[in-house]
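Residue-level listing of the chains:
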Amino acid sequence: MRKKSNIMNSMTQETKLTIIYILVAFTFSVLMRMIWVYQFEDLEAFKYAGEFMINTNDGYAWAEGARDLLAGFHQDGDSSKINSAVAQLTVILVNILPFSFETIIFYMPVYISSLVVIPIVLIARNLGNLEMGLIASLLASIAWSYYNRTMAGYYDTDMLNIVLPMFLLWSIIWAIRTNEDKYLLITALDILVYRWWYPQSYALEFSFFGLILVYTLIYDRKNLYNYKLLAIMILAMLNLDGFIRLAFVIGTFFIFKQEKAQKYIYHILAISVILFFVSGGINPIIGKLKSYIFRDVVSSSDNGLGLHFFAVMQTVREAGQIPFETFANRISGHVIIFILSILGYIYLSFKHRIMLFALPMIGLGFLASLGGLRFTIYAVPILAFGIAFLITELASHMPTKKLKYLSMIALTLAILYPNYKHIDGYKVPTVFNSNEVAVLDALKLKTNRDDYVISWWDYGYPIRYYADVKTLVDGGRHGGSSNYPVSFILTNPQEEAAKMARLVVEDGGIEQITKDSGFKDTNDFLLSLQTEIDLPKKTSDIYLYLPFRMLNIYPTVKIFSNMDLMTGKKFKTPFFFISRNFKDTTETIKLAQKIYINKRDFSLSINGKRVGIKRFVKTFYNKNMKLEKDIRFVDSSANLSVIYMSSYNTFLVLDEQTYNSLYMQLMILEEYDEELFEKVIVNPYVKVYKLKL
Ligand code: MN
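Residues numbered from 1 in each chain as written. Predicted model: local features only at pLDDT ≥ 70, side-chain atom pairs only at ≥ 80, totals over all residues. Heavy atoms only, no water.

**What to know about the overall build of the chain**
Phase 1: Within the chain, the regular secondary structure consists of 30 helices and 15 strands.
Phase 2: Taking the principal axes of the C-alpha coordinates as reference, the chain spans close to 100 × 60 × 50 Å.
Phase 3: Contacts in the chain between residues far apart in sequence, at least 24 positions, make up 67% of those at least 6 positions apart.
Phase 4: Put simply, the chain shows about 32,200 Å² of open surface, and 59% of that area lies on carbon and sulfur atoms.
Phase 5: Of the charged side chains in the chain, 69 are positive and 60 negative, and the gap between their average positions amounts to 10 Å. (Helix = DSSP H or I, 4+ residues; strand = E, 2+ residues; numbered from the N terminus. Contact = heavy atoms within 4.5 Å. Areas by Shrake-Rupley, 256 points an atom, 1.4 Å probe, with all protein chains shown as cover. Lys, Arg positive; Asp, Glu negative; His and termini not counted. Charge placed at Lys NZ, Arg CZ, Asp CG, Glu CD.)

**With respect to the layout of surface pockets**
Phase 1: Of the volumes computed, that of the second largest pocket is approximately 420 Å³.
Phase 2: Contributing to the lining of the second largest pocket are 16 residues, with Leu 192, Trp 196, Gly 242, Phe 243 and Arg 245 lying nearest its centre.
Phase 3: Of all the secondary-structure elements, those providing two or more residues to the lining of the second largest pocket are helix H10 (181-197) and helix H13 (242-257).
Phase 4: In terms of residue class, the lining of the second largest pocket is built from 11 nonpolar, two polar and three charged. (1 Å grid on protein atoms, 1.4 Å probe; cavity = no way out; pocket = protein on both sides within 12 Å on 5 of 7 lines; lining within 4 Å. Points joined across faces, edges and corners; volume = space filled by probe spheres on them. Nonpolar A, V, L, I, M, F, W, Y, C, P; charged D, E, K, R; others polar.)

**Here's the deal with unusual backbone geometry**
Phase 1: Although it is not a glycine, Ala 49 adopts a positive phi angle of roughly 50 degrees.
Phase 2: Its place among the elements puts Ala 49 in the loop between strand S1 (47-48) and strand S2 (51-52).
Phase 3: Not every positive phi belongs to a glycine, and Asp 468 is a case in point at roughly 55 degrees.
Phase 4: Among the structural elements, Asp 468 can be located in the loop between helix H23 (460-467) and helix H24 (480-491).
Phase 5: For Asp 468, a relative accessible area of 6% gives the class buried. (Buried < 20%, exposed > 50% of the residue type's maximum accessible area, 1.4 Å probe, protein only.)

**Description of the confidence of the model for the chain**
As a note on interpretation, predicted positions should not be read in detail where pLDDT is low.
Phase 1: Of all residues in the chain, 94% have pLDDT values of 70 or greater, and the mean over the chain is 92.
Phase 2: No element of the chain has a lower mean pLDDT than helix H19 (residues 368-371), which averages 66, and none a higher one than helix H6 (residues 130-142), which averages 98.
Phase 3: When the criterion is pLDDT under 50, residues 295-302 qualifies, and its contacts beyond four places in sequence or with other chains add up to three contacts.
Phase 4: Every residue in residues 315-319 is under pLDDT 50, and counting partners more than four places away or in other chains gives four contacts. (pLDDT = per-residue confidence, 0-100.)

**Observations concerning the packing of aromatic side chains**
Each aromatic ring pair is specified by the distance between its two centres and by the angle formed by the two planes.
Phase 1: The full count for this structure, using the stated rule, is 47 aromatic pairs.
Phase 2: Here a set of aromatic residues connected by ring pairs shows up, and it is made of Trp 36, Phe 40, Phe 46, Phe 52, Phe 106 and Tyr 107.
Phase 3: If you follow Lys 47 out to its NZ or CZ, it ends over the ring of Phe 52, 5.0 Å from the centre.
Phase 4: Over the ring of Tyr 659 we find Arg 615, and its NZ or CZ is 3.9 Å from the ring centre. (Phe/Tyr/Trp six-rings, centres within 6.5 Å; stacked < 30°, edge-to-face > 60°. Lys NZ or Arg CZ within 6 Å of the ring centre and 35° of its normal.)

**Structural notes on the coordination of the manganese ion**
Phase 1: Every protein donor of the manganese ion is accounted for by Gln 75 (OE1) and Asp 78 (OD), and the metal-donor separations fall at 2.2 Å.
Phase 2: Overall, the relative accessible area of 2% leaves Asp 78 in the buried class. (Donors = N, O, S within 2.8 Å, 3.2 Å for Na, K, Ca; no water.)

**What to know about the domain arrangement of the chain**
Phase 1: Along its sequence, the chain is carved into domain 1 (14-53 + 99-425) and domain 2 (576-691).
Phase 2: The distance between the C-alpha centroids of domain 1 and domain 2 comes to 51 Å. (Domains from an automatic or database assignment.)

**Re the sheet that holds strand S4 (residues 542-547)**
Phase 1: The strand order across the open sheet formed by four strands is S3-S4-S15-S14, and the pairing between neighbours is mixed. The sheet is open, and its two borders are formed by strand S3 (452-454) and strand S14 (677-682), each paired with just one other strand. Pairs of neighbouring strands in the sheet enclose a mean axial angle of 25 degrees, with direction left out of account. (Pairing = 2+ DSSP bridges. Axes fitted to C-alpha atoms, helices over the stretch in contact; angles between N-to-C directions.)

**Overview of the pairing of strand S12 (residues 640-645)**
Phase 1: The buried count for S12 comes to six of six residues, which makes it a mostly enclosed element.
Phase 2: The sheet contact formed by S12 and strand S13 (residues 650-655) spans six bridges and is antiparallel. In the sheet register, Met 645 faces S13, and the bridge partner there is Thr 650.
Phase 3: What sits between the antiparallel neighbours S12 and S13 is a turn of four residues, in which Asn 649 has the positive phi angle 55 degrees.

**Observations concerning the packing of H13 against helix H14 (residues 265-279)**
Phase 1: Relative to each other, H13 and H14 sit at 170 degrees, their axes nearing to 12 Å. Taken together, the axes of H13 and H14 lie roughly antiparallel to each other. In contact with Phe 248, Thr 252, Ile 255 and Phe 256 of H13, H14 contributes Ile 265, Ile 268 and Leu 275.
Phase 2: In the contact of H13 with H14, the residues fall into six nonpolar, one polar and no charged. (Parallel < 35°, antiparallel > 145°, perpendicular 65-115°, else oblique.)

**Considering helix H17 (residues 335-351)**
Phase 1: With 17 residues, H17 should cover 24 Å at 1.5 Å per step; its first-to-last C-alpha distance of 24 Å lies within 8% of that length.
Phase 2: For H17, the set of buried residues is Val 335, Ile 337, Phe 338, Ser 341, Gly 344, Tyr 345, Leu 348 and Ser 349.
Phase 3: For H17, the secondary structure elements touched by its buried residues are H6, helix H16 (324-332), helix H18 (359-366), helix H20 (380-396) and helix H21 (401-425). (Expected span 1.5 Å × (residues − 1).)

**So, the pattern of salt bridges**
Between side chains of opposite charge, pairing is possible as soon as their charged atoms come close.
Phase 1: According to the stated counting rule, one finds 25 salt bridges in the structure shown.
Phase 2: Linking Arg 67 and Asp 468 is a salt bridge whose minimum nitrogen-to-oxygen distance equals 2.9 Å. Of the two residues, Arg 67 is situated in helix H2 (residues 59-71) and Asp 468 in the loop between H23 and H24; the sequence distance between them amounts to 401 residues. There is no split in this pair, since Arg 67 and Asp 468 are both buried.
Phase 3: Taking the shortest distance from any N to any O, the salt bridge between Lys 499 and Glu 495 comes out at 2.8 Å. On the criterion of helical spacing, the pair formed by Lys 499 and Glu 495 is a turn pair, its members being four residues apart in helix H25 (residues 494-507). (Salt bridge = Lys/Arg side-chain N within 4 Å of Asp/Glu carboxyl O.)

**Focus on the environment of Val 214**
Phase 1: With respect to the secondary-structure elements, Val 214 resides in helix H11 (residues 202-219).
Phase 2: Judged by relative accessible area, which is 45%, Val 214 ranks as partly exposed.

Dropping the structure here:
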């Protein structure tokens, strides 16, 4: 009797500690994410309706989906992500919590990503080392890359992308160690939730499945439990609707509980595997492999014109060149912590072989060195176990209890410090500032939900969220062919741009328009835009959203339409130079190291060569915040013009083509053709025009 009650006491003691450690780590994780909030508390530019705005562009896609789910409707072809798990979870939270929509989407990543501490502490508990769980969860919850992708306002799938596989790892470890039936169900349910949340989760699920299969065949072939686990996992991974998979999982779980079923486990596993292949469960893997092997093949439809578009990858830095230090920092906060973490993980796996089941997450994390920095977060919690294990091992060798805890605390603070420093310095701005959102707010009142707002893809999701309209491009739709017409509209003269806008909204992509206009060559079609052509019937209004911030990326915007679509040949890069760091002296204005404006004769000196200026334009806002401009014609034979935007403290040097582009004329100069456009809303940050065609 006495012995039993002792066990009970120690059990509750361990459970108490588990709960306390989870709460401590969770609170710590949340508080560290409040540093950003505290830093920008008084900055109204980051707020909308008195609340912080989010700081990830993609977040506005989920926000739009959630808004439409709550409203109960959306428009055909508006690309609203009402079927996304993030939007669905948001709706649930909005319905049960007493906070505003804006508050909920801003703080969701703070609280939800902090849940990662739970599986970390629970895994450590299984290994009989709760202190390791506390230390690992403190580090993992705030480590560099995990913080970056789950900070306040980072409203994206990342908030659960580590939490869910960590729970999966936890239930797999407990399943293998205890062989308890409930972990069969928990593992399968976790896979269902993970797949709902993040459809690309199959990569990790398969890796876990493969590891368990290998483990079973080599070390534990006679254990029926392992085959049950494999069967229920693969049923959760069928390529069928989530609710059908849920029914399969629950049904199979109850069959497994039947005494009579035990002799049929192999049959059930075999049937599950067959169902898996028949349902097409392997398809995502095959698709992925294909995309790697046939990476360079560009598909082109048979009856198409075989157009060549600009490949977006060309603007993204070549992957695979991430410096080791960046990689290490992002996983552990510091190179030394990273190296010790790897050694610690090896040592931990040696002492507790079960931790080898975490290898798929490390593997995915290390893919970052090939596939992009965003993968580093997968390695964060596992390597946090590594360093935490080293710390607890070291501390356990201390001569006294006091020294043991002191060393543990000191070393834990040491590994947290570089990550805290990172958080303190990581002052990410919101996607839009309040002046930009004010424009969209006003625009919402003037538009219908089926109207189009044309702007560069970077602004697509936020425009749709705040103004509740349609866009041509967004953060998920910005391939070469989607970007082409938008790039064309923003960087070509007003008349061609206006016609292109109406054509692309009513008719579709450039290929479609070319064919429907009776041309076989896009160049002939583009030439026809300079003539009188019949435009399709107008079905919705079209607005142009022209933010000042687009000035910085003008050359990138131009690239997408600055090419011959028939041959793929690029045209000459237009001249565009921007200077904010100029120096005014008596003789010259120095715009950059080798670019000067000579004040005496209003000429430019570029790399030591004298170049004429066609116009010298000075713009400024008067006291009523109306844009005014002085245009001085200098040399009519010259090609370059200089625009001094005095209110923005910015100099531009542009060639004639760029000067005449829609963006420069409408945004920078407010020089619009009243036959084609109507001024709708203007402030120094954004100008919105309505198409009259
Ligand atoms: Mn809509």
